[in-house]
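Residue strings, one per chain:
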Amino acid sequence: MNDAAQHHMRAGHVVKIWIRLMCLITAGVIAVLTGCTGSPPELHSTGTPSLPPVGKQTSSAHAEATVNFPGVSGLEATVTNRPQTKEMQAALPSQSSLDQVVDLDMKTGVFPSSGAELTFSLDLPLPAEQIMFIVNWDVHNQSWAPVASETSPDGKSISAKLAHFSTYGLEIWSNFIGRMVGVRTNPPECPAPPPEWDDNSVQFYEDLNGPVLWCATTDPDHPDDLKIKLRLNRGAAASITTAVKPVWVQSDLWQGVTPETWATMVLSGPDALIPGPDTYFIQPTGEFSFRFNKTDLLNFWHSNRSTPLIAVDATVPYVLAGLLYNQASDASVVPALSLVTTYMALTQCLSEIIEGLDLVLSHSSLKSFASELPGMMARLAPCLSAKSKPIAQAAAKFWATKDPTSTIAVIEKSAALASKSILAAAQIYAAVQVLAPVADALTDLLLDPIARQFIFQPSDLALKAFLGPTKAELGSVVAPAMCNRPEGQLVDGRLPMPKNPGGPDPGVTELYGNNDGSYMRTVGDTSTGTQGLTALVFRCGIGGVAWPATVAIYDRNLQLITSLNLSDIDHKEHSDVDAIRFENHALRVDWRTNPDGEAGACVTVHKTGRFVLSPIPNVVPSLSLTPQDIHVVSQDRCH
């Protein structure tokens, strides 16, 4: 068993130890442009999360309101039950309800400077999954403003100190944090095995209680690409960062629209919001799919063997965005638009509250962060209130580019609803001290990182094919005819030349070398239709004079098939190759040659061209190289 497999097994034990832990916060979005292309197939979500229902909630408890004046005698208040208007109902955030609304006024005396105390007494204790708090109706903004409230130990009454009399209500809110404990979902579905070149034997797939569930498969339309699915196995949210740009990416949150990274949505805001390139948002129990190109992954693995291909993580901005996003995701607003609106809100207001705050969550910072979160929300709320309209406009402007069938006015109306819910949530979190479980819950996303990472491992066969022949094997191939010399077998990358003491320099025929001591070469694969082929570059000279380079192609047994001398293309003294690579049934060559009218060492004309590989009938194995799309890239002056 290799080190990676042992590491994954150890991670499995770590995760099982932490089965009962759970991350209760949620996340936002950010990163650098992905440029994902293509039309991925529809993604079907098979999870069955026990998430809180979306929409206005009801409560079985009923309350009676009373008012007293602590420390002051002889005063009496009038408490009048008031019918709930449509505006009051519309102003409620999702997952909440109004149990009672009352108008307060003085019956005797004058409202004292020491204030008053409003108490709502319930006939039944509030269920554990709900939270109650007192709210004040803001007539001007047509919104409810939470008031700092204190619930009795038995859960049957709640009180708040008032600085004035007006209209107040008792709001009952579904305790999202409490209800997220223990949320689990089903693994993503991968009906087909991954391609043979992916060795998933060391992947962390087996622990159904892990924070992230994975599977790898093939794309039916692109069987030689690797498709990776992941599902967040928590009632939380987080970021997803990819180390390699995917061919395409899909999320069940975006409903068929290509997901955006933070960077594609960024309009303004602090750099601290941007954790890194190619970073996406994943909502609670959400699912993502990524399709990766084989060559991209093999090249990545060759240079980054210990770097995860996909990492799932959480930072402070994701905590805030997640808490707010869950309230903005009302049934009347497209979830992805809720996400965009949440992001716009944070980019415009977060810089006011994060100065000096450690944005990377760690075991040492969790408790302090949890204690600071209500205060952070309290500072965030006024900013959101002042910028509610610009936030909705910015979100609508962006979303219009994703949904061109809708008008800006319609989108802005939905974004305004989301913005109002975000503001209400921030005010609630600031006024109601319900965030104590956050620190313990976050611990679940701070497990051994391997539990939140997908580490790509190629199969031995694919790796051998990718790396191609060894240097020793390449150094003993047959060189094609060049420099007026016939074919000949190399020894250590050079054609042996008999030397005549006192005679002229016999010249050289040898393989091009790279700076790292390897030979310039490219190895074919199935994605380009060149599997089994190897291309090498030769240089030759006579009497100390270098001739144009020659490119040769070999079969899987390193038998010479065909060659191309660049003198036949340029008809110049010199042509030096800079790079070669296989493309779709073709060989791409980048090289430099002499400008017109110039000779000698002046090779300042940069060219590129495709040489199409065409089978020669009745000759096996044999190919011809047909020049195509050859053009000058740039030309420098000769000095």
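We now turn to the structure provided with this report. In this text, all values refer to a predicted model and were calculated from it rather than measured experimentally.

We now examine the pairing of strand β4 (residues 116-122). Here β4 lies mainly inside the structure; five of its seven residues are buried. Pairing analysis gives six bridges linking strand β1 (residues 63-68) to β4, with the strands arranged antiparallel. When the bridges of β4 are listed, Val67 appears paired with Leu118. Sheet topology note: the β4/strand β8 (residues 157-162) ladder contains six bridges and is antiparallel. Residue pairing across strands places Leu118 opposite Ala160, the latter belonging to β8.

Time to look at unusual backbone geometry. Although it is not a glycine, Asn484 sits at a positive phi angle of roughly 60°. Mapped onto the secondary structure, Asn484 falls in the loop between β18 (478-479) and β19 (488-489). Here Asn484 falls in the exposed class, since its relative accessible area comes to 71%. Of note, the phi angle at His571 is positive, near 60°, even though the residue is not glycine. Among the structural elements, His571 can be located in the loop between α14 (567-570) and β26 (575-583).

The next thing to look at is the packing of helix α6 (residues 316-328) against helix α7 (residues 335-349). For the pair α6 and α7, interaxial distance at closest approach is 9 Å and the crossing angle is 135°. Taken together, the axis directions place α6 and α7 in an arrangement best described as oblique. The hand of the α6/α7 crossing is right-handed. Along its contact with α6, which presents Pro317, Leu320, Ala321, Leu324, Tyr325 and Ala328, the element α7 presents Pro335, Ser338, Leu339, Thr342 and Leu346. For the contact of α6 with α7, the class distribution of residues is nine nonpolar, two polar and no charged.

Definitions and cut-offs
- Here, residues in each chain are numbered from 1, in the same order as that chain's written sequence.
- In keeping with the model being predicted, local features are shown solely for residues with a pLDDT of at least 70 and side-chain atom pairs are shown and tallied solely at 80 or more, while totals for entire chains, interfaces and linings include all residues.
- Hydrogen atoms and water are omitted, and side-chain values are computed over all heavy atoms in the structure.
- Partly exposed residues are those whose accessible area sits between 20% and 50% of the maximum for their type, while under 20% is buried and over 50% is exposed, using a 1.4 Å probe and protein chains only.
- Each helix corresponds to a stretch of at least 4 residues labelled H or I by DSSP, and each strand to a stretch of at least 2 residues labelled E; elements are numbered beginning at the N terminus.
- A strand pair is defined by DSSP finding two or more bridges across the two strands.
- Axis geometry follows a simple rule: fit a line to the C-alpha atoms, using only the stretch in contact for helices, then measure angles between N-to-C directions, giving values from 0 to 180 degrees.
- To sort the angles, those under 35 degrees are grouped as roughly parallel, those over 145 as roughly antiparallel, those from 65 to 115 as roughly perpendicular, and the leftovers as oblique.
- Two helices cross in a left-handed way if the nearer one is turned anticlockwise from the farther one by less than a right angle. They cross in a right-handed way if the turn is clockwise.
- Throughout, a contact is declared for two residues whenever any of their heavy atoms are within 4.5 Å.
- Ten residue types, Ala, Val, Leu, Ile, Met, Phe, Trp, Tyr, Cys and Pro, are classed as nonpolar, four, Asp, Glu, Lys and Arg, as charged, and the remainder, Gly among them, as polar.

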